[in-house]
2 protein chains.
Amino acid sequence: MNDLTTTAAMNLREREFKIVGTRPPRPDGVDKVTGRARFGADLFLPNMLVGKVLRSPHAHARIKSIDASKALALPGVKAIVTCADFGDLPSEFIPAGEMMVNYRDMTRNIMAREKALYVGHAVAAVAATTDAIAAQALALIKVDYEVLPHVIDVEAAMAPGAPLLHENMYTIGVEPKPAQPSNVAKRVEFALGDIAAGFAKADVVIEREFNTAPVHQGYIEPHACLASVSEDGQAELWCTTQGQFIVRSFCAKLLGMEHAKLRVTATEIGGGFGGKTVVYLEPLALALSRKCKQPVKMTMTRAEVFEATGPTSGAKVWVKIGATREGKITAADALLKYQAGAFQGSPVGPGAMCAFAPYDLENVRVIGFDVVSNRPKVAAYRAPGAPISEYAVESVIDELAKKLNIDPIELRLKNAAKEGTKAAYGPKFGPVGLVQTLEAARAHAHYQAPLKANQGRGVASGFWFNIGGETCATLNLAEDGSVTLIAGTPDIGGPRASLAMMGAEALGIPYDKVRPSIGDTSSLGFTFLTGGSRVTFSSGMAVIEAARNMIAQLRERAAKLWELPLDQVIWEGGCARSASGSAGGEKKMTLAELAAAAGKTGGPIVANAAINAQGAGPGFATHVVDVEVDRETGAVKILRYTAIQDAGKAVHPAYVEGQMHGGAVQGIGWALNEEYIYNAKGQLENAGFLDYRTPVASDVPMIDTVIVEVPNPRHPYGVRGVGETPIVPPMAAIANAVANALGLRMTQLPMSPPRVLEAIERAAG
Amino acid sequence: MNDLTTTAAMNLREREFKIVGTRPPRPDGVDKVTGRARFGADLFLPNMLVGKVLRSPHAHARIKSIDASKALALPGVKAIVTCADFGDLPSEFIPAGEMMVNYRDMTRNIMAREKALYVGHAVAAVAATTDAIAAQALALIKVDYEVLPHVIDVEAAMAPGAPLLHENMYTIGVEPKPAQPSNVAKRVEFALGDIAAGFAKADVVIEREFNTAPVHQGYIEPHACLASVSEDGQAELWCTTQGQFIVRSFCAKLLGMEHAKLRVTATEIGGGFGGKTVVYLEPLALALSRKCKQPVKMTMTRAEVFEATGPTSGAKVWVKIGATREGKITAADALLKYQAGAFQGSPVGPGAMCAFAPYDLENVRVIGFDVVSNRPKVAAYRAPGAPISEYAVESVIDELAKKLNIDPIELRLKNAAKEGTKAAYGPKFGPVGLVQTLEAARAHAHYQAPLKANQGRGVASGFWFNIGGETCATLNLAEDGSVTLIAGTPDIGGPRASLAMMGAEALGIPYDKVRPSIGDTSSLGFTFLTGGSRVTFSSGMAVIEAARNMIAQLRERAAKLWELPLDQVIWEGGCARSASGSAGGEKKMTLAELAAAAGKTGGPIVANAAINAQGAGPGFATHVVDVEVDRETGAVKILRYTAIQDAGKAVHPAYVEGQMHGGAVQGIGWALNEEYIYNAKGQLENAGFLDYRTPVASDVPMIDTVIVEVPNPRHPYGVRGVGETPIVPPMAAIANAVANALGLRMTQLPMSPPRVLEAIERAAG
């Protein structure tokens with residue numbers, strides 16, 4: 001267990017870092033650039049079968065029957081599973097780490113039960129000896145569908161008389177309980193003060209409605225896994241995931257297995273961004289392998305990734321903000337309608353939490369709706385929900401600045417959240433760095449650089465609360481004084497390096513003496529996933545705690561060897577030393593010497609920590625972007641981009657910058673090009689990277705970064721999560737830049753060339 | 001660290017077992033019988049190369065030069081290594097766990113340096129894209145040898161003027177230091193009392209000389225490994241071994257690597273019996289992979305296993321025992337000359353320790369010599385050294401019984417070691433079970449059964465001291481209350497099952513709630529190998545300590561939830577309960593409930609133990625065997641076999657019986673058939689299972705077993721090691737039976753048909 005008071009106190013004594021803040025090479029770097037690293041699809045077992053999924057061609061259809069007999073008779077077909085191979089589960093929310101999971105929905109999302117709810121919804125899965133036989137088998141499975149009317153758009157889904165996806169779903173969070181089922185799963189509200197009174201005090205009020213398209217995380221590596229279930233029910237699963245423990249929780253529940261009987265190994269992962277915090281193929285591969293007792297490997301095509309895995313919500317967001325002439329915001333109101341996809345669970349909750357969080361407001365309200373429609377269920381995508389609501393808010397703030405003739409950074413500074421600010425969603429902030437990012441933006445050369453015709457500059461801030469949660473780490477001291485470190489959080493953004501750095505820093509030894517690895521679910525205790533911007537914070541906290549635990553043991557061993565009381569042995573610079581004035585004169589032993597003596601001083605030296613990390617420091621960022629709009633084509637070119645963010649303490653600054661680069665680039669895609677295009681049948685028409693346009697290198701400039709460090713007092717090294725925040729500001733920053741370039745406000749994402757052209761033409765009259 | 005006082009005290013409170021002593025299925029059983037388990041040769045990596053070893057055709061030869069240029073030029077050859085790829089290391093003894101290792105010798109044994117010292121000695125190794133190319137490359141390597149005179153036999157090697165294997169080797173343990181180098185590496189001596197005075201009191205003295213042949217462990221799975229070294233020096237190694245941590249220590253030292261940079265995984269293992277406690281291919285595969293940066297897989301053929309890996313010593317043993325008319329032994333003396341193979345390190349030390357250990361003797365002396373000759377270096381083989389010396393001693397005891405006309409069990413009982421006996425090698429025994437095994441043997445129906453002509457019955461006892469040592473174990477509590485257990489001792493005789501049983505017993509939960517696995521070197525702290533009969537004892541002790549640590553945490557969590565002082569929460573039957581009379585009435589939470597609440601009570605629940613296990617209880621056995629000798633062919637048939645052994649506490653009795661069966665069968669082979677046959681050139685002529693005859697099913701009867709339980713007070717559950725002891729009595733028991741059948745004493749092993757025939761014919765005239 002983690003003593004945060006102690007942790008915070010120790011914080012002050014460790015401000016002088018030797019390793020934290022440097023930029024050493026990553027331990028997994030060579031393996032990744034040489035192709036040696038094993039990703040989800042890189043695993044092979046003897047007798048391995050190929051698993052493939054039969055997917056619904058209909059956006060909404062009742063499944064009347066499934067006849068797999070012909071497929072099963074095909075030589076080489078070893079197993080077929082349908083929903084009949086999974087027990088039904090009640091609709092209740094069960095915790096899995098920091099998540100609340102509805103297994104009734106999850107079992108239906110991984111395998112359609114009564115109905116297929118989107119094109120691409122899994123209906124059956126086949127395991128066969130070859131890819132070709134598996135494909136042939138899929139074609140032989142006869143599914144009798146009753147096609148139903150479908151609904152794609154969020155507002156159409158909310159409208160009375162819309163086709164209902166779930167006949168028993170009644171909106172949660174409204175009083176009285178609705179008499180009729182609907183596609184609205186949930187209503188959330190966060191409020192502070194008196195919203196009407198606040199608007200009454202305003203000199204200026206701006207009110208706007210925005211639309212955002214669903215966008216996919218766009219990870220380069222499609223979902224892939226390999227499952228092997230033995231006759232006695234013990235199972236192994238390798239998969240590309242952000243959380244091997246979450247996968248174990250999910251699959252154990254979906255398959256009715258005991259957790260300890262399922263060993264899940266996270267392979268190397270080619271991107272996740274939130275999209276690999278859920279299961280798709282994993283329970284199917286396990287169910288297939290359980291049936292035929294051979295290993296089953298499954299991989300998705302890119303089209304399957306687009307059609308059947310979660311993007312983030314598209315949404316409609318209404319925002320209204322009032323302010324005094326001097327620029328003091330008096331009231332802020334927002335209404336969020338987020339697509340959940342086929343099952344409840346859009347990120348409207350965090351979207352509502354974050355919407356106005358960058359501001360210190362007396363009167364504020366956010367209402368949100370979680371709305372199902374016939375699309376793949378959404379999944380987390382970097383700062384889930386926040387980019388959507390904050391895009392709308394930061395667009396209105398920009399308009400407000402224009403209307404008040406106040407510099408947009410100045411307006412933000414007048415209202416910025418700071419230490420002591422009470423956020424609408426509950427907490428009172430400790431030290432936070434929004435003001436520092438705004439001041440750094442104002443002071444940056446970029447903000448003063450001249451612009452030409454058709455060019456515009458935009459600025460926007462962003463917020464993400466960051467999370468902690470259950471986390472384990474282990475340090476094992478080898479006989480030569482080198483150390484193996486095990487963490488449970490898959491390495492996406494470089495935690496092998498940053499955790500090894502923190503471990504080495506805490507122990508006082510060189511970085512390269514610590515070899516980090518990511519353990520499977522048998523190797524350490526439950527560890528929540530890589531996401532929420534929690535890894536460097538929580539796994540770092542666990543590693544530092546384990547290191548301090550190891551130092552305590554090392555001091556004990558030295559005290560034993562020197563026959564000194566424990567309090568006369570100190571740890572300094574990677575060595576045990578006798579305190580000055582202690583009996584027997586000055587003594588010193590290095591970590592390596594103590595390691596060599598471990599056997600005779602009591603046995604191997606191992607230290608671990610199992611914590612529920614609290615005190616994740618909120619993250620703020622401010623981005624500045626210059627664009628140029630081609631008035632003939634409607635194309636928006638990003639000319640210059642500067643991202644400024646508070647990292648608390650940047651453990652490995654290059655990886656913090658990498659997160660800032662990545663967030664900005666994904667935000668550019670979200671702002672300008674990415675969207676899902678559905679036809680009238682509810683089929684996705686651009687399920688591939690040729691037609692779903694993510695930014696390529698030529699679309700983005702070199703991105704400048706400025707790291708601000710306002711230490712998080714609740715982490716021993718001051719760390720805040722940095723992965724989510726940088727995707728929050730780009731859409732508003734770019735929309736504000738486009739507005740400045742064109743002199744007109746666009747309220748729909750993406751601002752793709754046809755839409756920009758249309759807006760220009762509409763404005764022209 | 002392990003508090004043995006506490007452990008011993010707790011022992012008494014846990015005598016009522018629910019799981020320990022039962023016979024549940026082994027967790028690895030299904031995988032092993034279905035072929036799913038991955039053994040040393042079952043691993044594959046992309047771009048994997050095949051490694052092969054060029055071996056010396058000469059028993060003794062100076063290596064003048066090695067020219068690999070032609071081989072290296074062969075397309076498909078990626079790397080070649082010779083001794084030049086390994087740094088030379090000084091001749092000093094360095095601890096690796098409980099072993100003392102001479103790396104000067106080890107680096108020369110894995111790759112010949114100045115000289116090739118036996119036929120089959122590795123001289124170079126090649127990595128190539130295919131097996132055929134690797135074989136072709138070996139043929140292209142030109143080694144210029146200067147052939148030297150060689151010596152195979154131990155006494156020939158000790159003789160003045162014998163060819164010297166190591167020009168700088170001077171016998172250790174003799175005063176003054178010898179002026180001349182010799183093939184005698186070491187002299188050891190253990191003694192108690194006054195040997196001459198003891199013999200002076202004897203009424204009867206028997207003195208005999210015995211010869212034993214070297215015998216191979218005969219594990220079914222040949223050595224195999226897969227190594228992958230990255231450009232930045234990080235390495236992974238999978239291999240069939242009895243100790244992944246020892247392999248890491250050895251390879252790190254041989255290759256000059258940091259321990260933490262080398263991750264070693266023990267694959268499933270198809271037998272070891274001591275023979276997989278050393279490295280052969282592993283450092284070669286790592287060196288090859290380090291050179292070409294591709295994974296390299298190496299496997300031995302059976303011929304390579306025989307020619308280049310360690311059997312146990314052949315030996316010459318002289319024994320003299322004197323006793324009074326009443327059967328009280330007054331003095332015992334022995335001289336052991338053990339073959340070490342090409343490098344020092346025969347098991348003459350433990351052979352000397354064990355020789356007379358079954359007896360409570362006032363006057364005793366054992367002198368032993370460790371002698372090198374041009375054979376593969378010996379490796380550990382079950383109770384290393386003890387079967388050889390005890391074979392000789394137990395043969396003489398039998399002859400003494402005959403001469404004194406005392407029943408051989410009765411004679412042993414008169415002199416048996418018991419609690420308080422001071423052994424010649426040092427310790428005073430605590431509670432030991434020799435008397436109990438002798439009494440059980442005497443009471444067994446087998447001992448009274450009638451015999452026919454040409455049949456004989458033999459009895460012999462055996463001793464092994466057993467060991468403990470550095471050991472780690474981890475228990476991780478999953479969210480549903482199931483538990484993963486990690487141990488560091490490869491599973492040969494069933495520790496997955498026995499450790500899970502002890503963990504479940506200590507936690508008070510069902511056996512199948514604990515899923516055990518064997519961790520790699522990154523997963524836990526240094527753990528000494530599977531051997532010495534230490535696993536059930538030491539890893540069991542660590543698991544029990546970890547479980548008690550987990551219970552302490554579980555009580556704390558419950559106390560927190562119930563707002564009770566810790567001392568009012570007890571752990572009983574897998575549940576936390578409020579102590580009777582505690583505030584708030586009776587409360588109870590199961591392990592699963594506490595697991596589900598772990599997040600909110602402080603985080604995941606993980607417990608580990610890292611101990612240097614002390615207090616291994618010595619193991620005694622008595623075997624009874626009936627044989628029939630075919631006087632025409634000399635064939636000895638084993639008619640009936642009963643093995644009786646003190647297990648302290650048999651955690652999983654079926655596996656204890658398995659050890660007893662296995663030891664008896666290996667002893668039958670050693671007694672009757674197994675031997676190394678060298679020709680005049682020093683070449684092994686029977687390097688295969690067709691010509692090196694281990695027992696097959698038709699050679700052995702069903703073996704009866706009787707487990708005696710004299711609890712080891714220094715283990716919480718009373719456990720003693722059981723793996724080594726059962727190979728000690730068979731050779732003497734069978735020799736004694738043959739002597740009884742034939743009326744003549746054979747003093748050479750194996751008692752193969754030609755030798756028995758020769759003995760019969762010699763006796764006849």
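The structure presented is a predicted model; accordingly, all values stated were derived computationally and were not measured.

(A) Structural view of the overall build of chain A. Across its full length, chain A holds 22 helices and 28 strands. For 765 residues, the compact-globule estimate of 2.2 N^0.38 gives 27 Å, and chain A sits close to it at 27 Å. Taken over 765 residues, chain A has a buried fraction of 65%. Approximately 25,700 Å² of chain A is accessible, and the part contributed by carbon and sulfur atoms is 53%.

(B) Molecular detail of the interface of chain A and chain B. Between chain A and chain B, the contact holds 64 residues from the first and 64 residues from the second. Roughly 5,000 Å² of surface becomes buried between chain A and chain B when both sides are summed, with 47% attributable to carbon and sulfur atoms. At the boundary of chain A with chain B, the tally comes to 8 salt bridges. A salt bridge links Arg36 of chain A to Glu231 of chain B, with the shortest nitrogen-to-oxygen separation between them at 2.8 Å. Joining chain A to chain B, the criterion identifies 41 residue pairs in polar contact (both at pLDDT 80 or more). Here the side of chain A that touches chain B gets 5 residues from one element, more than from any other, and that element is strand 25 (residues 606–613) of chain A. Its residues assigned to classes, the side of chain A that touches chain B comprises 22 nonpolar, 21 polar and 21 charged.

(C) How the structure looks around the domain arrangement of chain A. Residues and elements named next belong to chain A. Taken domain by domain, chain A comprises domain 1 (1–37 + 433–464 + 617–765) and domain 2 (468–613). The centre of domain 1, based on its C-alpha atoms, is set 35 Å off from the matching centre of domain 2. Domain 1 puts 34 residues into the contact, and the matching count from domain 2 is 28 residues. Surface buried jointly by domain 1 and domain 2 totals about 2,300 Å² across both partners, of which 61% is contributed by carbon and sulfur atoms. Linking domain 1 with domain 2 are 2 salt bridges, by the criterion used here. Salt-bridge contacts for Arg26 lead to Asp491; the nearest nitrogen and oxygen are separated by 3.4 Å. Applying the counting rule to domain 1 against domain 2 returns 12 residue pairs in polar contact (both at pLDDT 80 or more).

(D) Here's a closer look at unusual backbone geometry. The residue after Glu175 of chain A, namely Pro176 of chain A, is reached through a cis peptide bond having omega -10 degrees. Within the secondary structure, Pro176 of chain A sits in the loop between helix 6 (154–158) and strand 9 (184–192). With an omega of -5 degrees, the peptide bond between Leu749 of chain B and Pro750 of chain B qualifies as cis. With respect to the helices and strands, the residue Pro750 of chain B is situated in the loop between helix 21 (730–742) and helix 22 (753–764). Its identity is not glycine, yet Asn405 of chain B carries a phi of approximately 55 degrees, on the positive side. Checked against the element boundaries, Asn405 of chain B lands in the loop between helix 12 (386–404) and helix 13 (408–415).

(E) Focus on the relation of the copies chain A and chain B. Once turned by 180 degrees and shifted 0.0 Å along the axis, chain A lies on chain B with an RMSD of 0.1 Å. Taken together, these values place the two copies in the relation of a two-fold axis. Distance from the rotation axis, computed per C-alpha, reaches its smallest value in chain A at Ser523 of chain A: 3.0 Å. Most of the interface of chain A is mirrored in chain B, where 100% of its interface residues are also at the interface.

(F) Geometry of the pattern of salt bridges. Across all of its chains, the model carries 88 salt bridges over all chains by this definition. Here Arg325 of chain B makes a salt bridge to Asp203 of chain B, at a shortest N to O gap of 3.6 Å. Separated by 122 residues along the polypeptide, Arg325 of chain B in the loop between strand 15 (315–323) and strand 16 (329–341) and Asp203 of chain B in the loop between helix 7 (195–200) and strand 10 (204–212) bring together distant segments of the chain. Classification of Asp203 of chain B by relative accessible area gives partly exposed; the value is 38%. One salt-bridge network, held together by shared partners, links Arg26, Asp28, Lys32, Glu268, Asp491 and Arg496 of chain A.

(G) Examining the packing of helix 8 (residues 244–255) of chain A against helix 9 (residues 281–292) of chain A more closely. Residue and element names in this part refer to chain A. At their nearest, the axes of helix 8 and helix 9 sit 10 Å apart, and the two run at 50 degrees to each other. Classed by the angle they form, the pair helix 8 and helix 9 counts as oblique. Of the two possible hands of crossing, helix 8 and helix 9 adopt the one that is right-handed. Each of Val247, Cys251, Leu254 and Leu255 in helix 8 lies in contact with helix 9, whose residues at this interface are Glu282, Pro283, Leu286, Ala287 and Arg290. Classifying every residue of the contact of helix 8 with helix 9 by side-chain character gives 7 nonpolar, no polar and 2 charged.

(H) Structural context of the nonpolar core. Residue and element names in this part refer to chain B. One finds Ile321, Phe356, Val627, Ile734 and Met751 to be the most contacted residues of the largest nonpolar core, which totals 105 residues. The element that contributes the greatest number of residues to this core is helix 12, accounting for 10 residues. Non-local contacts of Ile321, meaning those with residues more than four positions away in its chain, are made with Phe199, Val204, Val205, Ile206, Ile329, Ala331, Ala332, Phe356, Val393, Val396, Ile397 and Leu400.

(I) Structural view of the confidence of the model for chain A. Residue and element names in this part refer to chain A. Looking at chain A, pLDDT values average 96 and 98% of them are 70 or higher. Across residues 1–14, where pLDDT falls below 50, the model places 29 contacts with residues more than four positions away in sequence or in other chains. Scored as a whole, the predicted complex attains pTM 0.95, and scored at its interfaces, ipTM 0.94.

(J) Representation of the sheet that holds strand 27 (residues 636–646) of chain B within the structure. Residue and element names in this part refer to chain B. Pairing is mixed across the open sheet formed by 4 strands, whose spatial order is 18-26-27-28. Looking at strand neighbours, the two that pair on one side only are strand 18 (455–464) and strand 28 (703–708), the edges of this open sheet. The average angle at which neighbouring strand axes cross in this sheet is 15 degrees, direction not considered. With 6 bridges connecting them, strand 27 and strand 28 associate as parallel partners. Paired with Gln645 across the bridge in strand 28 is Ile707. Packed onto the sheet, helix 20 (residues 653–672) meets strand 26 (619–629), strand 27 and strand 28 and runs at close to 130 degrees relative to strand 28.

Conventions used here
- Residues numbered from 1 in each chain as written.
- Chains lettered and ligands numbered in written order.
- Predicted model: local features only at pLDDT ≥ 70, side-chain atom pairs only at ≥ 80, totals over all residues.
- Heavy atoms only, no water.
- Helix = DSSP H or I, 4+ residues; strand = E, 2+ residues; numbered from the N terminus.
- Rg over C-alpha atoms; globule rule 2.2 N^0.38 Å.
- Buried < 20%, exposed > 50% of the residue type's maximum accessible area, 1.4 Å probe, protein only.
- Areas by Shrake-Rupley, 256 points an atom, 1.4 Å probe, with all protein chains shown as cover.
- Contact = heavy atoms within 4.5 Å.
- Buried area = accessible area lost by both parts, 1.4 Å probe.
- Salt bridge = Lys/Arg side-chain N within 4 Å of Asp/Glu carboxyl O.
- Polar contact = N/O pair within 3.5 Å; in protein donor to acceptor, adjacent residues only side chain to side chain.
- Nonpolar A, V, L, I, M, F, W, Y, C, P; charged D, E, K, R; others polar.
- Domains from an automatic or database assignment.
- Least-squares fit on C-alpha atoms with pLDDT ≥ 70 in both.
- Axes fitted to C-alpha atoms, helices over the stretch in contact; angles between N-to-C directions.
- Parallel < 35°, antiparallel > 145°, perpendicular 65-115°, else oblique.
- Left-handed = near helix turned anticlockwise from the far one by under 90°.
- Core = buried A, V, L, I, M, F, W, Y, C linked by side-chain atoms within 4.5 Å.
- pLDDT = per-residue confidence, 0-100.
- Pairing = 2+ DSSP bridges.

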